[in-house]
Structure formats: C-alpha cells, structure tokens
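Here are the chains, one letter per residue:
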Amino acid sequence: MDVISAIHSRSSYRGKYDVAPVSREHLRLIVEAGIAAPSGCNKQSSSFIAIDEPSLLKKIHQLLDPSVIDCPPAMICVISQRLIAYRNVSFSVQDYSAAIENMLLTIVALGYQSCWIEGHITDSDAIGRKIADLLGVPDDFSLVCLLPVGRALEPVKRIEKKTFEQRAWFNGFMHKENMNCND
Ligand SMILES: Cc1cc2nc3c(=O)[nH]c(=O)nc-3n(C[C@H](O)[C@H](O)[C@H](O)COP(=O)(O)O)c2cc1C
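In this text, all values refer to a predicted model and were calculated from it rather than measured experimentally.

## Things to note about the overall build of the chain
Tallying secondary structure elements over the chain gives 7 helices and 3 strands in all. Looking at the chain as a whole, 38% of its 183 residues are labelled buried. Taking the intrachain contacts of the chain between residues at least 6 apart in sequence as the baseline, contacts between residues at least 24 apart amount to 77%. In the form shown here, the chain has an accessible surface area of approximately 11100 Å², with 53% of it arising from carbon and sulfur atoms.

## Focus: the packing of helix α2 (residues 24-35) against helix α4 (residues 92-109)
Relative orientation of the contacting elements α2 and α4 amounts to 150 degrees, with a least axis distance of 7 Å. Comparing the axis directions of α2 and α4 gives the class roughly antiparallel. Handedness of the α2/α4 crossing: right-handed. Packed against α2, whose contacting residues are L29, I30, V31, A33 and G34, the element α4 presents A99, N102, M103, T106 and I107 at the interface.

## A short note on the site of the ligand
Neighbouring the ligand are R10, S11, S12, R14, C115, W116, I117, E118, G119, H120, I159 and K161. Here S12 contributes a side-chain N or O atom positioned 2.5 Å from an oxygen atom of the ligand. G119 places a main-chain nitrogen or oxygen 2.9 Å from an oxygen atom of the ligand. The protein chains hide 68% of the 620 Å² of surface that the ligand would expose on its own. For the shell around the ligand, the class distribution of residues is 4 nonpolar, 4 polar and 4 charged.

## Observations concerning the pattern of salt bridges
Tallied over the full model, the rule gives 5 salt bridges. Two residues, D70 and K16, come together in a salt bridge whose shortest N-O distance is 3.8 Å. Taken together, the residues span a long stretch of sequence, with D70 in the loop between α3 (54-63) and β2 (74-80) and K16 in the loop between α1 (3-9) and α2 at a distance of 54 residues. Its relative accessible area of 18% is what places D70 among the buried residues. Judged by relative accessible area, K16 falls into the partly exposed class, the value being 46%. Where E32 meets R28, a salt bridge forms, and the shortest distance between an N and an O atom there is 3.1 Å. Of this pair, E32 and R28 both sit in helix α2, 4 residues apart, which is roughly one turn of that helix. Residue classification places E32 among the partly exposed positions, given a relative accessible area of 37%. R28 gets classed as exposed once you look at its relative accessible area, which sits at 59%. One network of salt bridges, with partners in common, ties together R129, D133 and D139.

Rules and cut-offs
- Residues numbered from 1 in each chain as written.
- Predicted model: local features only at pLDDT ≥ 70, side-chain atom pairs only at ≥ 80, totals over all residues.
- Heavy atoms only, no water.
- Helix = DSSP H or I, 4+ residues; strand = E, 2+ residues; numbered from the N terminus.
- Buried < 20%, exposed > 50% of the residue type's maximum accessible area, 1.4 Å probe, protein only.
- Contact = heavy atoms within 4.5 Å.
- Areas by Shrake-Rupley, 256 points an atom, 1.4 Å probe, with all protein chains shown as cover.
- Axes fitted to C-alpha atoms, helices over the stretch in contact; angles between N-to-C directions.
- Parallel < 35°, antiparallel > 145°, perpendicular 65-115°, else oblique.
- Left-handed = near helix turned anticlockwise from the far one by under 90°.
- Near = heavy atom within 4 Å.
- Polar contact = N/O pair within 3.5 Å; in protein donor to acceptor, adjacent residues only side chain to side chain.
- Nonpolar A, V, L, I, M, F, W, Y, C, P; charged D, E, K, R; others polar.
- Salt bridge = Lys/Arg side-chain N within 4 Å of Asp/Glu carboxyl O.

Pasting the structure below:
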C-alpha cells in the first residue's frame, strides 16, 4: 500500500480484534517507522516498547479504565523523555506525535488496525504511569500513548472530516481563489 492510500485508509478502530498474534517482523517494521520519524533538533526523544506477551497484554488491558479498546494481540507503548532541544524548549510532544503517525500508517499498510490511546492514559487517573511502572519504565520517562495492533474482526468505521474548503486555502486565510491553474 502506498503512503497516500495508507493515510486515507487509517481511522481509529475500537472494535474486536482477532486473537492471531502479530509477528515480531511486523512489530519491528512498525516500531522502525516510529524511529524513522523526524524530531526537533534530532533529539529522538521518544522510545517504544512492543508488547506481544499475552499475560502482559491482559494486565495492561485491565489497567485501562474505562477499557476503550478490546484486548489486542499486540501493543506498542510510546515513551517520551522531555529533552531540551534549545534554551528551555522541548519538542518531545511533536517528536512522539510524528512517531505515532508513522506507526499508525505502517500498521494500516500491513493490514492491521489501531487507535491512538493517549487521552485515556494521561489524565488525572495516571494510567500511563501505572503501565510504565508495570514495564519498568524509569520516572524521567512518561508513557504517553498506547497503540493496539491486530486484525479487525468488525467493520472499520470512517469518521467524517471537514472538507478541504472548510479547513484549507491557497495563498491566504479563507482566501477564495479559482482553483483552475490556467485562469
Ligand atoms: C492526541 C490524541 C489523543 C487521543 N486519545 C485517544 C484516547 O485516549 N482514546 C481514544 O479512544 N481515542 C483517542 N484518540 C483518537 C481520536 O479520538 C481520533 O483520532 C479522532 O476521533 C478522529 O478519528 P480518526 O482517528 O478515526 O480519524 C486520540 C487522538 C489523538 C491525536
């Protein structure tokens, strides 16, 4: 699948997963896509833990409350360190976001589904910290996102997006321009 098709096929999947395992080869390809992402001042502030041990997946899934997703056959945990790029500026949020999108697109390209789970684990319940402790992640790293990985057993629903005309313009904010290049 080419990258543009992957972008337009991706959507957040919260349905049931097939229990079939995800190969280590595929998990590695997914994480390598995260590692390949750009990062501010090349700080490479995000790290990843791929989980494919069924008992560990179950423990992590039990910590998710509310359990927004079905227990998947694999999961990528995204870990971030607030590294300073320059002065007191850290691009760690942008760094891990770029890595996550690369991984989501790779997950789709390989025929799996996923969902960016961040809000549910980084609010006041601090579920991310509990999962981080379970995985032995040191205190100066935050577990910021979970990406389930597995084959969908249910139809993948596409959410409606605003149109190009509602969100984008050429040559100026809200600029109305004839789109025909020959005019
Ligand atoms: C920063 C961020 C945090 C998110 N956190 C969650 C989450 O905790 N739980 C969840 O079910 N979806 C989460 N999502 C997925 C969004 O709900 C989803 O991307 C959005 O509704 C658009 O749908 P789409 O991904 O199908 O295009 C998150 C997405 C982003 C970018």
